[in-house]
Amino acid sequence: DAKTTQPNSMESNEEEPVHLPCNHSTISGTDYIHWYRQLPSQGPEYVIHGLTSNVNNRMASLAIAEDRKSSTLILHRATLRDAAVYYCIPLNYGGATNKLIFGTGTLLAVQP
Amino acid sequence: KAGVTQTPRYLIKTRGQQVTLSCSPISGHRSVSWYQQTPGQGLQFLFEYFSETQRNKGNFPGRFSGRQFSNSRSEMNVSTLELGDSALYLCASSIGQNSGANVLTFGAGSRLTVL
């Protein structure tokens, strides 16, 4: 299983962009990179995923390094509701399981 | 559409008892996974069921078991409860395809307190 490294915590101001980094240097060529977040007192929530190309959806953007050893989740305009723990998780393509291995994640604080 | 429903949301048990938690997945989802979340260990994978078969299992003792029914609903059981089993138990459902692009939807969890 690929190991990930994320900062323990980050802080942002409301309405400013946030870049959440993740190092996954042991990722395999067939691992997708998933991001989930967990808001206080809730279950984790899917944010975005990608394989090689940068990805955008209504919640965020995902920038994947060319060598795929790192990725960055981008929240374009942070809101108070974005305060959560963000998890970067490799998930193997073609694996006969949907086992997510959660690391410690990054606790994002958003200041008004 | 309805999300993943977990019941009960909160429960208190004493050591030595057993507990059964229930999870109703999103309609059409065939895979159900269970996770345990504690302050010390974080989120840990317990097991996954797909089409009534256990597809993968985490590193937990045999006291932790689960099953899935033909309608994809799932239950997990913990026997002989220990204080350390106090945790938030999360269920997640997905279509279940064998793909790294598969997306999981989590329920709000069942918070178990063992006294």
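Scroll up to find the structure.
Along each chain, residue indices are assigned from 1 in the same order as the chain's sequence is written. To read the labels, note that chains go from A and ligands from 1, taken in the order they are written. Per-residue local features are limited, in this predicted model, to residues with pLDDT of at least 70; the limit for side-chain atom pairs, both in listing and counting, is 80 or more; totals at the level of whole chains, interfaces and linings are taken over all residues. Side-chain measures were taken over the full set of non-hydrogen atoms in the model, leaving aside hydrogen atoms and water.

Section: unusual backbone geometry
Residue and element names in this part refer to chain B.
And then number 1: Following Thr7, the chain continues to Pro8 via a peptide bond in cis, the omega torsion being -10°.
And then number 2: The secondary structure listing takes helices from DSSP runs of H or I that are at least 4 residues long and strands from runs of E that are at least 2 residues long, numbered from the N terminus. If you trace the backbone, Pro8 turns up in the loop between strand 1 (5–7) and strand 2 (10–13).
And then number 3: Its identity as a non-glycine residue notwithstanding, Ser72 has a phi of 75°, on the positive side.
And then number 4: Remark: exposure states derive from per-residue accessible area (1.4 Å probe, protein chains only) relative to the maximum for the residue type, with buried under 20%, exposed over 50%, and partly exposed in between. Since its relative accessible area comes to 12%, Ser72 is described here as buried.

Some remarks on the pattern of salt bridges
Side chains bearing opposite charge may pair, as long as their charged atoms lie close to each other.
And then number 1: Salt bridge, as used here, is a side-chain nitrogen of Lys or Arg placed within 4 Å of a carboxyl oxygen of Asp or Glu. One pass over the full model with this rule turns up eight salt bridges over all chains.
And then number 2: Between Arg63(B) and Glu82(B) there is a salt bridge, with its nearest N and O atoms 3.6 Å apart. Taken together, the residues span a long stretch of sequence, with Arg63(B) in the loop between strand 6 (53–57) and strand 7 (64–68) and Glu82(B) in the loop between strand 8 (74–78) and strand 9 (87–94) at a distance of 19 residues.
And then number 3: Look at Glu82(B) and you get partly exposed, because its relative accessible area is 43%.
And then number 4: Arg63(B) is the salt-bridge partner of Asp85(B), the closest N and O atoms lying 2.8 Å from each other. Of the two residues, Asp85(B) is situated in the loop between strand 8 and strand 9 and Arg63(B) in the loop between strand 6 and strand 7; the sequence distance between them amounts to 22 residues. Like Arg63(B), Asp85(B) is buried.
And then number 5: Shared partners join several salt bridges into a network, and the residues in it are Arg37(A), Glu45(A) and Asp82(A).

Some remarks on the state of the cysteines
By definition, a disulfide links two cysteine residues through a covalent bond between their sulfur atoms.
And then number 1: The criterion for a disulfide is a pair of cysteine sulfur atoms lying within 2.5 Å. Across all of its chains, the model carries two disulfides over all chains by this definition.
And then number 2: One disulfide in the model links Cys22(A) with Cys88(A); its S-S distance is 2.1 Å. Across the S-S bond linking Cys22(A) and Cys88(A), the dihedral sits near -75°, which makes this disulfide left-handed. Linking Cys22(A) in strand 2 (residues 18–23) with Cys88(A) in strand 8 (residues 84–92), this pair joins segments that are 66 residues apart in sequence. Just as Cys22(A) is buried, Cys88(A) falls in that class too.
And then number 3: What pairs with Cys23(B) in a disulfide is Cys91(B), and their sulfur atoms sit 1.7 Å apart. Sign of the S-S torsion, about -55° for the bond between Cys23(B) and Cys91(B), identifies this disulfide as left-handed. Placement of the pair is Cys23(B) in strand 3 (residues 19–24) and Cys91(B) in strand 9, with a sequence separation of 68 residues.

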